[in-house]
Amino acid sequence: MDFGRTVLSEPYLGWLLAGTGMTIAISLVTSLLALAIGSFVSGLRTSGSRLLRGLAILHVQTFRNLPPVPLVLFLVLGLPGAWPQVFGHDFPKGMELQLLLAGLSLNTSGYVAEILRSGLRGVPPSQWDSCRALGLSPVTTRLRVIYPQALRVCLPALGTRLIHNTKNSTIALVIPLSSGSMEVLGQAGRIAGESFAWAEPLVFAALVHLSLAFALSALVNAAARRAQGKVAVAR
Amino acid sequence: MSAFEVVRRLLVGYPVPDEFVDPAYPELLQRLGGLELTLVVAATSLLLGLPLGALLAVGRQGPALVRWPAVLFVEVVRGLPVMLLVLLFVHLSYPLLGVRVPVALLGTAAFTLHAASYASEIFRSGFRAVGGGVVDAARVLGLSRRQTLVHVELSIAVRTMLPAFLGLLITVFKDTSVLIVVGAAELTCTARQITVSQPVNMLPVLFLLLLMYGGSAALASLLVARLERRWPGADPRNDTKGLP
Amino acid sequence: MKMRTKTKTKQRELPSPLLFLIPILGAACGTRAAAPPRTSALEAVRDSGEVVIGIGQDAAPFGYREGDDLVGFDFDIARAVVARLEAHLGRELKIRFKAVTDETRIGWVQSGEVHMSLCHTNCTRKRDARIDFTVPYGWDGKGVLYALGRGERDLAAFAGATIGIKRSSSSQGEIEAWFEGQGLEQPTLKVYDNHAAGIRALVDGQIDGFTDDNSIIINTAMRAGHGVGPSAALNVTKTSYSRAQFGIGLPENDSDWRDVLNYSLHDLWNDREFQAIYERWFGADSMCPIPLGQNRMEPFVIG
C-alpha cells in the first residue's frame, strides 16, 4: 500500500482535506436541521388536534422506514423531472447538495422525533404536578423543568443517532456533485479515478469517519456525565 | 415497460448469464437480484452475524487479551459508515487476500461484520438483563438449575433480545441499499438498472422503490412492536436502546 | 437495589482504538500489497483454463442490457478474442466475466483481479503508466450532448456552462485542456455515476450539456427515447474536444499476454471477423454510425 503516492501528496491531500471539511459541514447542517424538525414534530405529537398528531406520526413512520439512499435518489433524480408537470416551471438548477441535505435531515428527524418523545415520557408525571402546585407557568414548566430532564434521559440515544447521521454523509456518493463539493468518500473516489488506487484513499476516509465518530461520542458522553452518572453511548 | 414488468424486475432482478457466475462460490447469491437478493443478503448477514456477535459479547467479558481486540473490532466496525465498510471489502479483498470473490458475497461479508457489531451490543444488554439477583432469587425460591436456565434466564434473554434482533434485521434490510455503489444487483441497484435500460420515467420507478422499502420495513416494524407488547417483561432499558 | 456489576463498563477503559490503528497502518504502509502479479497472465490462463474478463455493463453500445440479455460490442469482441486465444494457447478456455465499472476497470487489471478488461477504455498516457493496452479495437470522438432548445451550438458556446461528465472517465482532463487551449472560461463539471442519469438531468434542464464518448452518449440518449440530431430534441456538438481509441486493458509489463492478445485481434482483422462485428455495432444501420475510414488495425505478418 503506497500512501505516499496516493494520499500524502498534493493535490490529493488537498482534495481529501477539503472532503473532510465537507463531511463535517454536511454532518453539522443535517444534525441541526434534524434536531429542529424532530423537535417540531415531537411537539406536534402532544397537540390537541388529531390531524396534527396524525401528521406527526406519519412523519415519524415515513422517515424511519425509508432508507436514506432511495430517498435521496428519489429527491435528486426523480423530483426535477416531475416538478414542471406539477408546478409549471423548471426545477432550479444546481440543487443536488441541498436535496441531499434535505433527504438526510428528514431521515434523521424521524428518529429524533421519536427519541425526544420517549425522553418526554421518561419524565415522571409527578414533575408536572409539582410544577402546577408551585404555580409555575406552562412555559416555565416546560423550559426550566421538563425539557432539561427529558434531554437528560434521551441524550445517549440522541447522540447515537447524530453519530449515525454523520456516517450517513457518505450517501453523497450516489448523487451527482461537482468535484469541489464532494465529501471525503467522494474525494477518495475522485483520487481513485486518477491514480487507480482505491485502498489508500479509502483508508484515509475510514480514519476520518472513525475520528469523527469517536470525537462525537466522547462529546456526548461528557455531556451525559455532567447531567447524570456515566452512560454508555452506543456508536 | 409495463408497471407489472417493472414490479417483477424490482422483485427478482435481471437474469445473470452463466459466464458471470463463479462456480467456486454459492450460486444463489450470484444469480439473485432485486428484492430477493436484498432479503437474502439481510438474512444471511444476520444469520452469520449473530454467532459472531455472541462471540464478541462473550469476549468482552473475558481477560484483557481477548477483551481488547473484541472491543477494538466492535468500536471500529460501528464507527465506520456501512458504505465505507462495503467499499473496503470490495477493493481490498483481492489485493490483501488474493481471492476473487463475487460482489454480492463481499457485500454480505461486510454486512455480517456490521450486524455482528450491533448484535454484540444486544447480547450484552441481554446478559445485563439476566444479571443481578434474578438467578439467585430463582434458586432461592427452589427452582432447579435446569428450570432456572429455561424459565428464567432464557426467557428473560429471549424477551429482551428477540425484538432487538428483529429490529436489527429490519435495519440491515434497509441498509443494503448502499450496495448500489459497488454494483451488487440488489433492489436499489435494480431500480437504477431499470431506469438506465428502458425509456421509462424515473419518478414512478423511484416511487415504487420507496414503497417497497417503506412498506416492508413498516410492516416488519409493526410486527415487532406487537411482539414487544405481548412480552411486557422485557428489559425497560431497551426502550431507547439507541439502535438505528 | 445494588446491582452486582461483575464488569464495570468503564468508558475510558481503553485508549482510543485509533491509537491501535496507527501501528497497524504503519505496517501496512510497508507492504506492497497491490503489486502487479509476478507470473504472466498467460501462464495463469493456460494453467487454469479459465480467463477472467472484466466487462462493463452500463454503456451502450459497448456493454448493456437489452431486455433480459447482456449484449454489446465489448461482449462480442471478448468472445471472439477468446476463441482466437484458444487457438494460440492450444487448449479450450472458459470465460468468466466479472462486471467492472469505470471505477474498477483499471484498478482490477492492475491488481490482477481480472486478466483483462473490456470496458470502452480509452487509451490514455495516464492509464498506460499503470496498465498496458492492446492495439485499439474501437475509435471515437468526444463532444457534448445538449438540448436543442436554443438552436445549434458548438463546443465553444459551453464556456462557463455546466457540463455533466461520467465519473472515472478521462473527460475531465481532456475538457479542461481544450478550454484552456482555446483561452475560454472553464465550464463547471458535475460528476454523474451513470450516463442515463446525466442524460436525464440534461433533459430536465439541470445541466447544460453531458459528455462522454459520442457513441455512448448518442446510444444511451436514443435508447432512452430521445432523438439525437440537428432536427431532434438533442444534438452533439460538431467539434470534439478529444479523440478516443479503445483498447483492452492488460496488466503492466506482461509482454507474453499482450502479444498473444494483439495477435488474436490481428487474426480477427485478417479474417474480417472484426469488421463484421464492428459493422453490427457501428455500421450504417446502427444508432451511431462510425465508419472505419482511416481507423484500422495494422496486423503484423508472421515473418
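Calculation criteria
- Residues numbered from 1 in each chain as written.
- Chains lettered and ligands numbered in written order.
- Predicted model: local features only at pLDDT ≥ 70, side-chain atom pairs only at ≥ 80, totals over all residues.
- Domains from an automatic or database assignment.
- Contact = placed C-beta atoms within 7 Å.
- Nonpolar A, V, L, I, M, F, W, Y, C, P; charged D, E, K, R; others polar.
- Helix = DSSP H or I, 4+ residues; strand = E, 2+ residues; numbered from the N terminus.
- pLDDT = per-residue confidence, 0-100.
- Core = buried A, V, L, I, M, F, W, Y, C linked by C-beta atoms within 7 Å.
- Buried ≥ 20, exposed ≤ 12 C-beta atoms within 10 Å, placed from the backbone.
- Axes fitted to C-alpha atoms, helices over the stretch in contact; angles between N-to-C directions.
- Parallel < 35°, antiparallel > 145°, perpendicular 65-115°, else oblique.
- Left-handed = near helix turned anticlockwise from the far one by under 90°.

So, the domain arrangement of chain C
All names here are of chain C. Each assigned domain of chain C is listed here: domain 1 (41-137 + 247-282) and domain 2 (141-243). Computed over C-alpha atoms, the centres of domain 1 and domain 2 are 28 Å apart. Contact residues are listed per partner, giving 10 residues for domain 1 and 13 residues for domain 2. Split by residue class, the side of domain 1 that touches domain 2 holds 4 nonpolar, 3 polar and 3 charged.

Some points on the interface of chain A and chain B
Tallying the contact residues gives 37 residues for chain A and 36 residues for chain B. Residue composition of the side of chain A that touches chain B, grouped by class: 25 nonpolar, 10 polar and 2 charged.

Describing the interface of chain B and chain C
Each partner contributes to the interface: chain B provides 25 residues, whereas chain C provides 27 residues. Mapped by element, the contributors of at least two residues to the side of chain B that touches chain C are helix 4 (64-79), helix 5 (82-97) and helix 9 (187-197) of chain B. Examining the composition of the side of chain B that touches chain C, we find that 5 residues originate from one element, helix 4 of chain B, more than from any other. Here the residues of the side of chain B that touches chain C are counted per class, giving 14 nonpolar, 7 polar and 4 charged.

Thoughts on the confidence of the model for chain C
Residues and elements named next belong to chain C. Looking at chain C as a whole, the pLDDT averages 87, with 87% of positions reaching at least 70. Between residues 1-15, whose pLDDT stays under 50, and residues either more than four places distant or in other chains, the model counts 10 contacts. Predicted as a complex, the structure gets a pTM of 0.89 and an ipTM equal to 0.89.

What about the nonpolar core?
Counting residues in each nonpolar core, the largest one holds 205 residues, and the members touching the most others are Val 72 and Leu 202 of chain A together with Leu 84, Leu 85, Val 86 and Leu 168 of chain B. Of the residues forming this core, the biggest block, 13 residues, is contributed by helix 9 (residues 199-227) of chain A. Domain assignment of the residues forming this core places at least three in each of domain 1 (41-137 + 247-282) and domain 2 (141-243) of chain C. When neighbours within four sequence positions are excluded, Val 86 of chain B is seen to be in contact with Gly 107, Ala 110, Val 178, Leu 179 and Val 182 of chain B.

A short note on the packing of helix 3 (residues 34-59) of chain B against helix 6 (residues 103-130) of chain B
Residues and elements named next belong to chain B. One way to put it is that helix 3 packs onto helix 6 with a least axis distance of 5 Å and a crossing angle of 45°. Our classification of the angle between helix 3 and helix 6 gives oblique. Considering the relative orientation of helix 3 and helix 6, their crossing is right-handed. By residue class, the composition of the contact of helix 3 with helix 6 is 16 nonpolar, 8 polar and 1 charged.

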